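Commentary on secondary and tertiary structure
Okay, here's what each chain looks like letter by letter:
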Amino acid sequence: QLQLVESGGGLVQSGGSLRLSCTASGESLDRYVITWFRQAPGKEREGVSCIDDGGGVTNFAQSVEGRFTISRDNAKNSVYLQMNSMKSEDTAVYYCAADGGLDSCNRRTYNYRNWGQGTQVTVSS
């Protein structure tokens, strides 16, 4: 059974950077499409950025374009989200999600069967 664990969240000042990690166990991530989602209190969960099994990247949230970069390291069975020039609006719980049944990136939460526990990101200003 695939298990996902996020890490790297914390408190950062506006304009600063954080790097989130999503590490898998139980199964290789090589064949999976993986998306980072985020959810702020009282808000719907939204897709942020996705990487497919061929390394293709899609940014779902226009507000992160040019600031956030998703990547994967199959040798380490991990996916990362580098977040630069952070803003207060980036404050949320960040989740990684994966599904092996997808052939391309998809922003809908119901398409993902595997989720991590989430990691809190707080941006102060």
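Preceding block: the structure.
So, a few notes on the structure that sits alongside this text. Here the structure is a predicted model, which is why all the values come from computation and not from measurement. For every chain, the first residue of the written sequence is number 1, and numbering continues from 1 onward in sequence order. Local features in a predicted model are, by the rule used here, given only for residues with pLDDT of at least 70; side-chain atom pairs are given and counted only at 80 or more, and totals for whole chains, interfaces and linings are based on all residues. Side-chain figures throughout are based on the complete set of non-hydrogen atoms in the structure, without hydrogens or water.

Considerations on the overall build of the chain
The number of helices and strands found in the chain is 0 helices and 11 strands. Runs of E in the DSSP output that reach at least two residues are strands. Runs of H or I that reach at least four are helices, and both are numbered from the N terminus. The N-to-C order of helical and strand elements in the chain reads β-β-β-β-β-β-β-β-β-β-β. Relative to its length of 125 residues, the chain is compact, with a C-alpha radius of gyration of 13 Å against a globular reference of 14 Å. With respect to the principal axes defined by its C-alpha atoms, the chain has extents near 40 × 25 × 25 Å. With 125 residues in all, the chain has 44% of them scored as buried. Here a residue-residue contact requires only that any non-hydrogen atoms of the pair lie within 4.5 Å. Once local pairs closer than 6 in sequence are excluded, the contacts in the chain between residues at least 24 apart make up 59%. Throughout, the Shrake-Rupley method with a 1.4 Å probe supplies accessible areas, and for residues the shown protein chains are the sole cover considered. Total accessible area on the chain stands at roughly 6,300 Å², and carbon and sulfur atoms take up 41% of it. Asp and Glu count as negative and Lys and Arg as positive, but His and the ends of the chain are not part of the count. Working definition for charges: the position is that of NZ of Lys, CZ of Arg, CG of Asp or CD of Glu. Across the chain, 12 positive and 13 negative side-chain charges occur, with their mean positions spaced 4 Å apart. Radius of gyration: over C-alpha atoms. The globule rule applied is 2.2 Å multiplied by the number of residues raised to the 0.38 power. Throughout, exposure labels follow a simple rule: accessible area from a 1.4 Å probe, protein chains only, divided by the maximum for the residue type, with under 20% read as buried, over 50% as exposed, and the rest as partly exposed.

Considerations on the pattern of salt bridges
When a carboxyl oxygen of Asp or Glu is within 4 Å of a side-chain nitrogen of Lys or Arg, the pair counts as a salt bridge. As enumerated under the stated definition, the model contains 5 salt bridges in all. Here aspartate 90 ties to arginine 38 by a salt bridge, and the two come within 3.0 Å at their closest N and O atoms. A residue pair is termed long-range when its members are at least 10 positions apart, and aspartate 90 in the loop between strand 8 (78–83) and strand 9 (92–99) and arginine 38 in strand 4 (residues 33–39) qualify at 52 residues. Accessibility classification places aspartate 90 together with arginine 38 in one group, the buried group. Taking the shortest distance from any N to any O, the salt bridge between aspartate 99 and arginine 113 comes out at 2.8 Å. Of this pair, aspartate 99 sits in strand 9 while arginine 113 sits in the loop between strand 9 and strand 10 (114–115); the two residues are 14 residues apart in sequence, bridging distant segments of the chain. For aspartate 99, a relative accessible area of 4% translates into the label buried. Owing to a relative accessible area of 64%, arginine 113 belongs among the exposed residues under this scheme.

Description of the nonpolar core
Nonpolar core, defined: a set of buried Ala, Val, Leu, Ile, Met, Phe, Trp, Tyr and Cys residues in which side-chain atoms within 4.5 Å join the residues together. Core analysis: the largest hydrophobic core is formed by 27 residues, its most contacted members being Leu29, Trp36, Met83 and Tyr94. Where this core is concerned, the elements lending two or more residues are strand 3 (18–25), strand 4, strand 5 (46–51), strand 7 (68–73), strand 8, strand 9 and strand 11 (119–124). The residues contacting tyrosine 94, other than those within four sequence positions of it, are Glu6, Leu20, Trp36, Phe37, Arg38, Phe68, Leu81, Met83, Gly118, Thr119 and Val121. By size, the runner-up hydrophobic cluster in this structure holds 8 residues, among which are Val33, Ala97, Leu102 and Cys105.

Overview of the side chain of asparagine 114
Inspection of the secondary structure assignment puts asparagine 114 in strand 10. Setting aside anything within four residues of it in sequence, one finds asparagine 114 in contact with Leu2, Leu4, Tyr32, Cys96, Ala97 and Ala98.

Some details on the environment of glycine 9
Within the secondary structure, glycine 9 sits in the loop between strand 1 (3–7) and strand 2 (10–13). Taking the C-alpha atoms as reference, glycine 9 lies 24 Å from asparagine 106; in sequence the two are 97 residues apart. If near-sequence neighbours (up to four positions away) are discounted, glycine 9 is found in contact with Leu20, Thr119, Gln120 and Val121.

None of this, on its own, says anything about what the molecule does.
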